[in-house]
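# Analysis of the macromolecular model
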Amino acid sequence: MTRTVDVIVIGGGHAGVEAAWAASSILPNGTIAFVTMDSSTIGVMSCNPAIGGLGKGQIVREVDALGGVMARAIDATGIMFKMLNTSKGPAVWGPRAQADKDAYRDEVQRLLSTRSNIEIIESIVDDLIVEDGRIVGVMLDEPLHAKAVVLTTGTFMRGLMHTGDAQEKGGRVDEGTADGISTTLKRLGFELGRLKTGTPPRLSKKSIDWDALPTQLGDASPVPFSDIPSEPFPTLQQVDCRITSTNEEIHALIKDNLDRAPMYSGAIDAESGPRYCPSIEDKVVRFAERSAHHVFLEPETVDGDSIYCNGISTSLPADIQEKIVRMMKGCEQAEILQLGYAVEYDIVRPHQISSTCETKTISGLFFAGQINGTSGYEEAAGQGLIAGLNAGKKVQGEPECMLGRDQAYIGVMMDDLVTTVPREPYRMFTSRAEHRLLLRADNSDERLTPLGRELGLVCDVRWDAWEKRKQELYTINAEIEKRKLSQLAKRSDTTIKELISKLSEFNPRLVHRVITDIRYEGYIVRQQAEIKRQAKTENRKIPEGLDPTGISGLRNEAVDVLQEFKPATLGQASRLAGITPADITLISIAIQRCNAK
């Protein structure tokens, strides 16, 4: 018999988790089928057991402000919290936390279990069922029908792992691959690409001379990611990391064995790897002038023995990996628990989706996560939330929702994805956001929680917490005006600590936030004016029926680009490579004529 549910989410990674959660929020009386090969791996941290970072931390805060899971999970399972980039202004601070990876996985699964409308199904998807240009379900052992399907395959589409000459099918160690989906997507007309990523070896902590290495500590007063953090916070025992480094002898060894590294030997058939998180082989080649690179030894759990070697992602063969590790200070007797490896996998080039994550050619089919050419848990989570939200809206027959570049880092990411062709895994940075003064990690709730409430993503507990914070922010502002502290706050020789001490009756984090707004006030006013000036062009929709070949005077290159990317708005069109300001003028005139018909 054919079963019917409201939304099907395929894939149990970070994108799938947020998609299932968001869809279940939008459709509290509906059924969300969460399909994964192995339910015990839902929420697993495949690579670095950490959440957040520069740009990435802002995405996690935004996912939380919109009612998502990731921030709550890391607050409950974090073992070292640290605010990055604090030597610069608050606009580019990046919250980050190491996680107990086992506890994180368990917490994600526990949170999902609280939603009775999420049904977890262990199965492999053999095919997508498409009729008349719209998705109607998927083929498991038997057909499963739905009005919307979210595909979040991670690195599993034709995943192939490499360690030296050894190859093994799979998107993650000891797990399988999803070959059939690639074939299906090709048959449906999607243009695929192939990217690669990698992971470093894991070491036994007992075999490391831990106390001989410099210590890296977390913040003395850690800041939670979520606006409704776990109690108590932090929940778990906090740990410290250690720092070691590569050296010239290691670099010479790597150079002498590049022919045994799959990415240099031609064994990997992918276009490129992550430029901003390169393998140690790439580092040695690209930064030949460097005599050493830092390696951070990070515990993967509170009580376990596994140490993540952050900084030496590699696909070199086992014998070379062992030599590299044992040539690092403090690791002379180190035992490798898991070798590093590279994985290559298929993606769908993201110009084939809209900023809602819905595909442009098949109604009701959404892609989220690494299938769209991104890298990282946080980027995946942001896309998953957008896909799940819009899948739910699709079922309800309500208008789609997309975030603008001036609203959220998630909006920046989605816009970047649909206006460029990725040649390497996409990673978020604060530098990608032109409105980053407005998109700080500390004001995500102010920017997005009211919108999330309107959309049906934000629960009563989160909303009540925001209403309480909003009132306190108002009171702090009023008190600053009453005490005439505004001018003092703007002086560069006045410290935040000094101002907080003058307002000690209030939450220091909220005082800090208000002071930041005051100090950035002039810049914020200018950015808001610029956003308002550009809004007419930025949000102007391009009619679906507008044929670029019929726009008089438009260059052939511009016609080709518009046909390939099919931008939804004039703003998106303006950011496409090959589109000039003169082209935008012609397109704008064509839109006017099309709308006048």
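Scroll up to find the structure.
Residues numbered from 1 in each chain as written. Predicted model: local features only at pLDDT ≥ 70, side-chain atom pairs only at ≥ 80, totals over all residues. Heavy atoms only, no water.

### As for the overall build of the chain
For the chain, the helix and strand inventory stands at 20 helices and 22 strands. For 597 residues, the compact-globule estimate of 2.2 N^0.38 gives 25 Å, and the chain sits close to it at 25 Å. Principal-axis analysis of the C-alpha atoms gives the chain an extent of 75 × 70 × 50 Å. Counting across all 597 residues of the chain, residues that qualify as buried make up 57%. Put simply, 76% of the contacts in the chain that link residues at least 6 apart link residues at least 24 apart. When the accessible surface of the chain is totalled, it reaches about 25,100 Å², and 49% of it is carbon and sulfur. When the 70 positive and 82 negative side-chain charges of the chain are each reduced to one mean point, those points stand 6 Å apart. (Helix = DSSP H or I, 4+ residues; strand = E, 2+ residues; numbered from the N terminus. Rg over C-alpha atoms; globule rule 2.2 N^0.38 Å. Buried < 20%, exposed > 50% of the residue type's maximum accessible area, 1.4 Å probe, protein only. Contact = heavy atoms within 4.5 Å. Areas by Shrake-Rupley, 256 points an atom, 1.4 Å probe, with all protein chains shown as cover. Lys, Arg positive; Asp, Glu negative; His and termini not counted. Charge placed at Lys NZ, Arg CZ, Asp CG, Glu CD.)

### What about helix H16 (residues 508–519)?
Under the 1.5 Å per step criterion, the end-to-end length of H16 is 16 Å for 12 residues, consistent within 8% with the ideal 16 Å. For H16, the complete set of buried residues consists of Leu510, Val511, His512, Arg513, Val514, Ile515, Thr516 and Ile518. Next to the buried residues of H16 lie helix H12 (444–455), helix H13 (460–482), helix H14 (486–490), helix H15 (496–502) and helix H17 (521–538). (Expected span 1.5 Å × (residues − 1).)

### Some words on the pattern of salt bridges
As enumerated under the stated definition, the model contains 43 salt bridges in all. Where Asp415 meets Arg405, a salt bridge forms, and the shortest distance between an N and an O atom there is 2.8 Å. Residue Asp415 is found in helix H11 (residues 409–419), and its partner Arg405 is found in the loop between helix H10 (377–396) and H11; the two are separated by 10 residues along the sequence. Taking relative accessible area as the criterion, Arg405 reaches 10% and is therefore assigned buried. For the salt bridge of Arg513 with Glu446, the shortest nitrogen-to-oxygen distance reads 3.4 Å. Within this pair, whereas Arg513 is found in helix H16, its partner Glu446 is found in helix H12, the two being separated by 67 residues in sequence. Its relative accessible area of 42% is what places Glu446 among the partly exposed residues. (Salt bridge = Lys/Arg side-chain N within 4 Å of Asp/Glu carboxyl O.)

### With respect to the nonpolar core
One broad trend across soluble globular proteins is that nonpolar side chains are buried collectively. Of all hydrophobic cores here, the largest spans 99 residues; its most connected members are Val7, Ile8 and Leu185. Considering every element that reaches this core, the biggest residue donor is H10, with nine residues. Setting aside its immediate chain neighbours within four residues, Leu185 contacts Leu128, Leu151, Met157, Phe190, Leu192, Val348, Phe367 and Ile371. Counting residues in each nonpolar core, the second largest holds 24 residues, with Leu203, Val284, Leu316 and Val325 among its members. (Core = buried A, V, L, I, M, F, W, Y, C linked by side-chain atoms within 4.5 Å.)

### Details of the sheet that holds strand E7 (residues 118–122)
Pairing between the strands of a sheet is mediated by backbone hydrogen bonds and can be parallel or antiparallel. Taking strand neighbours across the sheet as the criterion, the five strands line up as E7-E3-E2-E11-E22 in an open arrangement whose pairing is parallel. What marks the edges here is a single partner per strand, and that holds for E7 and strand E22 (365–367). Here the average twist between neighbouring strands, direction ignored, is 20 degrees. Direction of pairing for strand E2 (residues 7–10) relative to strand E11 (residues 148–151): parallel, over a ladder of four bridges. Residue pairing in the sheet places Val7 in a bridge with Ala148 of E11. (Pairing = 2+ DSSP bridges. Axes fitted to C-alpha atoms, helices over the stretch in contact; angles between N-to-C directions.)

### Topic: the sheet that holds strand E21 (residues 341–348)
Taken in spatial order, the four strands make up an open sheet running E13-E12-E21-E14, and their pairing is antiparallel. Strands with a single pairing partner mark the edges of an open sheet, and in this sheet they are strand E13 (166–169) and strand E14 (192–199). Shown here is a sheet whose adjacent strand axes are inclined to one another by a mean of 25 degrees, direction ignored. In this fold helix H5 (residues 179–187) packs onto E13, E14 and E21, with an angle of close to 155 degrees to the strand it touches most, E14.

### Points about the side chain of Ser444
On the secondary structure map, Ser444 appears in helix H12. Overall, Ser444 belongs to the buried group, its relative accessible area being 0%. Only 3.4 Å separates the side chain of Ser444 from the backbone oxygen of Ala441, close enough to count as a polar contact. Setting aside residues up to four positions removed in sequence, Ser444 forms contacts with Gln58, Arg61, Glu62, Ala65 and Thr449. (Polar contact = N/O pair within 3.5 Å; in protein donor to acceptor, adjacent residues only side chain to side chain.)

### Details of H10
Taking 1.5 Å of rise per residue, 20 residues should cover 28 Å, and H10 covers 28 Å from first to last C-alpha, within 8% of that figure. Here H10 lies mainly inside the structure; 18 of its 20 residues are buried. A positive phi of about 75 degrees marks Gly397, the residue just after H10.

### Concerning unusual backbone geometry
Looking along the chain, the bond that leaves Glu231 and enters Pro232 is cis, with omega of -5 degrees. Its place among the elements puts Pro232 in the loop between strand E16 (215–216) and strand E17 (241–245). Of note, the amide linkage connecting Phe233 to Pro234 takes the cis form, showing an omega dihedral of -10 degrees. Structurally, Pro234 is set in the loop between E16 and E17.

### What about the packing of aromatic side chains?
Enumeration over the complete set of coordinates arrives at two aromatic pairs. Between Phe81 and Phe233 the ring centres are 4.9 Å apart and the planes differ by 70 degrees, which places this aromatic pair in the edge-to-face class. Of this pair, Phe81 sits in strand E5 (residues 78–84) while Phe233 sits in the loop between E16 and E17, and the two are 152 residues apart along the sequence. Take Phe233: its relative accessible area is 22%, and that puts it in the partly exposed class. (Phe/Tyr/Trp six-rings, centres within 6.5 Å; stacked < 30°, edge-to-face > 60°.)

### A look at the environment of Leu54
As for its position among the elements, Leu54 is in the loop between strand E4 (50–52) and helix H2 (56–65). With relative accessibility at 32%, the residue Leu54 sits in the partly exposed group. In the structure, Leu54 is positioned 540 residues away from Cys594 in sequence and 43 Å away in space, judged by C-alpha atoms. In this structure Leu54 touches Leu84, Asn85, Val92, Gly94, Met428, Phe429 and Thr430, once residues within four positions along its chain are discounted.

### A word on the pairing of E11
Along E11, one buried face is formed by Ala148 and Val150 and the opposite face, lined by Val149 and Leu151, is buried too. For E11 and E22, the ladder comprises three bridges, and the chain directions are parallel. Counted as the bridge partner of Val149 is Leu365 from E22.

### Side note on the side chain of Arg61
Tracing the sequence through the fold places Arg61 in helix H2. When residues no more than four places from it in sequence are discounted, the contact partners of Arg61 are Pro95, Phe225, Ser226, Asp227, Ala441, Asp442 and Ser444.

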